[in-house]
Amino acid sequence: MTQLLNYFILLPIFGFLISLLIPDKKETFISSVAFLTVGLHLVSAILFAIAWFIKGCPTLNVKDIDVFRTTGYDFFVDLYFDKITMIYLLVGSLLTFMVTIYSRYYLHREAGYKRFYNTILFFYVGYNVAIFSGNLETLFIGWEVLGLSSFLLIAFYRERYLPVKNAVKVFSIYRIGDVGLILAMWMSHHLWHENITFLKLNNFELVHEHLQSHSFIGVFISLMILITAAAKSAQLPLSSWLPRAMEGPTPSTAIFYGSLSVHLGVFLLMRTFPFWEQQISVRILIGLLGLSTAIITTGIARVQSSVKSQIAYASISQIGLIFIEVALGFENLALFHFAGNAFLRTYQLLVSPSVASYLIREQFYNFSPHESSLEVSIFSKKLQNTFYILCTKEWNLDSFMYRFLWNPLKWGGNKLNFMTLSRVLIFFVVVYGAGLFSVHHKELISPTIQAYLPVTFATIGLVMVLKAFTERRRATMSWVLVVMNHFWIALAVSFNELFTFNQVYLYLSGVVVAGAFGIFCLRKLKSYETTIDLDQFHGHSYKHPKLAFLFLLACLGISGFPITPTFVGEDLIFTHIHENQIVLASFVSLSLIIDGLAIIRIYARVFIGPHTKSQHEVAYRSS
């Protein structure tokens, strides 16, 4: 049975690749490929589950592909199957199958019909990689695919302002979760001194032995896992992105944010439960986070004026309760709760357009307010009004994120407006040359100075990418600063021992190729259009769809999308940051967060959104 695990990954990949080759106008052929791919996957999952039950529900694990191996580091794809995988597989395949059928008619004659099915199949690839993952590295591959497909589906109506704006906002929260997962992988490499698999995490004696002497490291890894899970499952204070993600088509909203993608944070907690099971403080924190999220989002859901927002916050509330169940160790109850919530929210979202129409008519003719509510019987009038206002303002969660996260970054970037492309290039050549000299002649530099050089160069990279994130005029300059950031990171880590230049070349090879390709695309676009500044959305994919696709590939290559050299290099970089270099790890991880945001911002501003030329049809900003 172990060899069959590859089949569940390869089948969606095969269906996705076929769908890319079908012409846009062949609607029936496009939907049939998706229908057959997911349908065959569902039938196979049911038969596999039956055979698995007959054989006594054994835990299956297979080390699939060695991606990269060097001294002290082994990046490999590992597949794992147990009860958790089975539930997520059956629920995911059934719901995706239903959505592919629903979408055949819902999106009939939609301009982006093929693009929608391509992205749905791409999402399904990432979902299966994530739920079958046998280690954190394999999980991260699926995690990244889900993040990209999420961005593309939210921005599906790419000629409108709000879908594109909200897609960038959701991607920014996903990026926080991505870096939390990277930091968890970083510290776990130092804890286990190997690429630990989920199968080994089930060994209580092994986990207890390592955590007994490294309790701080264990808590750090658990907190990073919790941050990642909270970002993916929209728990406080990162809850406000889920209603904003409803800008995409109703079918993708149902499958992404009602049922499957939003529950992957729960999946991560259940998969890593044997690791943090004995960390009582972490279990209490997870339970309190779930409880506070459930209470607050229940109130928010009760005052929402749109159907999708009500369903979004209601789903967040239920996921908060699932967090509590996982923290208490009620795995079977959490799985049952996940399946029930996924089916319910998918149904509610798919019927929401017709339900909204029905309720509007009913309330117009037969409206009668409730005589009493839960709040009236519990709270005083003053507390009722306070709670109501807070809920209508969604507890200012968006304002909280802007005030304490995005605005400080923008403020810092705006202080760097004196930087020009020529000045940056001169500074890079001089200082980077001095850094390379220092790496090759360490004996000429005192150990005290050497200890500060990695953080210094990482800080320079962080400053560069901060400027790239806030640049509002020149897209090319922003892109060049992003490329430079990777060079500064490589230089910073090169001072640590056991980091060979072959590993630097692997990391930077992907950066150089993707960076040069991106500059070519921007230059080519500049020759066609008068301006490509970052002060507004331009929507150039309307006239230059092929160039937009090529630039998107360059964005994926430079941001470390699986399995590019940059992706393997970033993971390799973190394995060479020592466990006591918290500042260096923080700066590198923060620069990677902003790096991804700057890249997706360039793509969004230049290629999607309302078209900059008035002769093309433009949607209102509030549509």
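Please read these numbers as outputs of a predicted model, since none were measured by experiment. (Residues numbered from 1 in each chain as written. Predicted model: local features only at pLDDT ≥ 70, side-chain atom pairs only at ≥ 80, totals over all residues. Heavy atoms only, no water.)

Participant: Please explain the overall build of the protein chain as it appears in this structure.
Facilitator: The secondary structure content of the protein chain amounts to 26 helices and two strands. Its C-alpha atoms give the protein chain a radius of gyration of 25 Å, within 12% of the compact-globule value 25 Å for 623 residues. Its C-alpha atoms put the protein chain at 85 × 70 × 60 Å along the principal axes. The 623 residues of the protein chain split such that 58% are buried. For the protein chain, the proportion of contacts with a sequence separation of at least 24, taken over those separated by at least 6, is 80%. Total accessible area on the protein chain stands at roughly 26700 Å², and carbon and sulfur atoms take up 65% of it. The protein chain carries 45 positive and 35 negative side-chain charges, and their two centres are separated by 11 Å. (Helix = DSSP H or I, 4+ residues; strand = E, 2+ residues; numbered from the N terminus. Rg over C-alpha atoms; globule rule 2.2 N^0.38 Å. Buried < 20%, exposed > 50% of the residue type's maximum accessible area, 1.4 Å probe, protein only. Contact = heavy atoms within 4.5 Å. Areas by Shrake-Rupley, 256 points an atom, 1.4 Å probe, with all protein chains shown as cover. Lys, Arg positive; Asp, Glu negative; His and termini not counted. Charge placed at Lys NZ, Arg CZ, Asp CG, Glu CD.)

Participant: Would you explain empty space enclosed by the protein in this entry?
Facilitator: A water-sized probe rolled over the atoms picks out the places where empty space is left. If you walk through the whole model with that rule in mind, you get five cavities of 30 Å³ or more. Listed by contribution, the elements that provide at least two residues to the lining of the largest cavity are α5 (136-154), α6 (161-192), α24 (545-558) and α26 (582-607). A per-element tally of the lining of the largest cavity places α6 first, with four residues. Per-class residue counts for the lining of the largest cavity are nine nonpolar, three polar and three charged. (1 Å grid on protein atoms, 1.4 Å probe; cavity = no way out; pocket = protein on both sides within 12 Å on 5 of 7 lines; lining within 4 Å. Points joined across faces, edges and corners; volume = space filled by probe spheres on them. Nonpolar A, V, L, I, M, F, W, Y, C, P; charged D, E, K, R; others polar.)

Participant: What should I look at first to understand the pattern of salt bridges in this one?
Facilitator: Once the charged atoms of two side chains with opposite charge are near each other, the side chains can pair. Taken as a whole and assessed by the stated rule, the structure comprises nine salt bridges. With a closest N to O distance of 2.8 Å, Arg 271 and Asp 82 form a salt bridge. With Arg 271 in helix α12 (residues 264-271) and Asp 82 in the loop between β2 (73-81) and α3 (83-106), this residue pair connects regions lying 189 residues apart in the sequence. Neither residue differs from the other here; Arg 271 and Asp 82 are each classed as buried. A salt bridge links Lys 467 to Glu 471, with the shortest nitrogen-to-oxygen separation between them at 3.1 Å. For the pair shown, Lys 467 and Glu 471 are each scored as buried. A cluster of three or more residues bridged by salt bridges with shared partners is formed by Lys 169, Arg 244 and Asp 398. (Salt bridge = Lys/Arg side-chain N within 4 Å of Asp/Glu carboxyl O.)

Participant: Sorry if this is basic, but what is going on with helix α21 (residues 447-470) here?
Facilitator: Since there are 3.6 residues in each turn of an α-helix, residues three or four apart along the chain are aligned in direction. In this model α21 runs 36 Å from its N-terminal to its C-terminal C-alpha over 24 residues, within 8% of the 34 Å that 1.5 Å per residue would give. Where α21 bends most, at Leu 453, the angle is about 30°, and the proline Pro 454 comes one to four residues later. (Expected span 1.5 Å × (residues − 1). Bend = angle between axes of the 7 residues up to and from the residue.)

Participant: What exactly am I supposed to notice about the packing of aromatic side chains here?
Facilitator: Here the distance between the centres and the angle between the planes together describe a pair of aromatic rings. Scanning the model with the defined rule gives 37 aromatic pairs in all. Across from the ring centre of Phe 76, 4.6 Å away, lies the NZ or CZ of Lys 63, which sits over that ring. The cationic tip of Lys 232 hangs over the ring face of Tyr 174; the distance from NZ or CZ to the ring centre is 4.0 Å. (Phe/Tyr/Trp six-rings, centres within 6.5 Å; stacked < 30°, edge-to-face > 60°. Lys NZ or Arg CZ within 6 Å of the ring centre and 35° of its normal.)

Participant: Any chance you could explain the side chain of Glu 27 here in plain terms?
Facilitator: Locating Glu 27 in the fold gives a position in helix α2 (residues 27-54). Look at Glu 27 and you get buried, because its relative accessible area is 17%. Leave out the neighbours within four places in its chain, and Glu 27 touches Leu 107, His 108, Arg 109, Glu 110 and Tyr 113.

Participant: Quick question: what am I supposed to make of unusual backbone geometry here?
Facilitator: The phi torsion of most residues other than glycine is negative, and most of the peptide bonds are trans. Following Leu 236, the chain continues to Pro 237 via a peptide bond in cis, the omega torsion being -5°. Along the polypeptide, Pro 237 turns up in the loop between α9 (215-232) and α10 (241-244). The phi torsion at Asn 396 lies on the positive side, around 55°, for a residue other than glycine. Tracing the chain through its elements places Asn 396 in the loop between α18 (381-392) and α19 (397-414).

Participant: Is there a simple way to explain helix α22 (residues 475-493) in this structure?
Facilitator: For α22, spanning 19 residues, the distance from its first C-alpha to its last is 28 Å, which sits close to the expected 27 Å at 1.5 Å a residue. For α22, the buried fraction is high: 19 of the 19 residues fall into the buried class.

Participant: When you look at the packing of α6 against α26 in this model, what are you seeing that I'm missing?
Facilitator: Working note: a packed helix pair is described by the angle between its axes plus the distance between those axes. Between α6 and α26, whose axes approach to 10 Å, the crossing angle comes to 155°. Looking at the two axes, α6 sits roughly antiparallel to α26. Handedness of the crossing formed by α6 with α26: right-handed. Contact residues: α6 offers Val 164, Val 168, Phe 171, Ser 172, Arg 175, Ile 176, Val 179, Leu 183, Trp 186 and Met 187, while α26 offers Ile 582, Ala 585, Ser 589, Leu 592, Ile 593, Gly 596, Leu 597, Ile 600 and Ala 604. (Axes fitted to C-alpha atoms, helices over the stretch in contact; angles between N-to-C directions. Parallel < 35°, antiparallel > 145°, perpendicular 65-115°, else oblique. Left-handed = near helix turned anticlockwise from the far one by under 90°.)

Participant: Would you mind going over the confidence of the model for the protein chain with me for this structure?
Facilitator: The predicted coordinates ought not to be read in detail in places where the model reports low pLDDT. Confidence in the prediction for the protein chain averages 84 pLDDT; 93% of positions are at 70 or higher. Mean pLDDT in the protein chain bottoms out at helix α17 (residues 374-378), which sits at 63, and peaks at α12, which reaches 93. (pLDDT = per-residue confidence, 0-100.)

Participant: Can you help me understand the environment of Arg 473 in this one?
Facilitator: On the secondary structure map, Arg 473 appears in the loop between α21 and α22. It is 9.4 Å that separates the C-alpha atoms of Arg 473 and Gln 536, two residues lying 63 residues apart in sequence. Leave out the neighbours within four places in its chain, and Arg 473 touches Asn 417, Ile 532, Asp 533 and Leu 534.

Participant: It is not clear to me how the environment of Gly 557 should be interpreted in this structure. Could you clarify?
Facilitator: Mapped onto the elements, Gly 557 comes out in helix α24. In this structure Gly 557 comes out as buried when scored by relative accessible area, which is 12%. As for Gly 557 and Phe 338, which are separated by 219 residues in sequence, their C-alpha atoms are 34 Å apart. With near-sequence residues (within four places) excluded, Gly 557 lies in contact with Gly 510, Ala 514, Thr 564 and Thr 566.

Participant: Explain the packing of α6 against α19 here, please?
Facilitator: One can describe the packing of α6 onto α19 by two numbers: an axis separation of 14 Å at closest approach and a directional angle of 65°. The handedness of the crossing between α6 and α19 comes out as left-handed. Contact residues: Lys 165, Lys 169, Ser 172, Ile 173 and Ile 176 in α6; Asp 398, Met 401, Tyr 402, Leu 405 and Trp 406 in α19. In terms of residue class, the contact of α6 with α19 is built from six nonpolar, one polar and three charged.

Participant: Can you help me understand the side chain of Glu 529 in this one?
Facilitator: Residue position: Glu 529 is located in the loop between α23 (501-528) and α24. For Glu 529, the side chain forms a polar contact with the side chain of His 544, separated by 2.8 Å. (Polar contact = N/O pair within 3.5 Å; in protein donor to acceptor, adjacent residues only side chain to side chain.)

Participant: Sorry, what's going on with a nonpolar patch on the surface here?
Facilitator: On the surface, Val 43, Ile 46, Leu 47, Ile 50 and Ile 54 cluster together into a nonpolar patch covering about 490 Å² of accessible area. Here Ile 46 is to be found in helix α2. Residue classification places Ile 46 among the partly exposed positions, given a relative accessible area of 41%. (Patch = residues over 30% accessible without salt bridge, like charges linked within 9 Å, V, L, I, M, F, W, Y side chains within 5 Å.)

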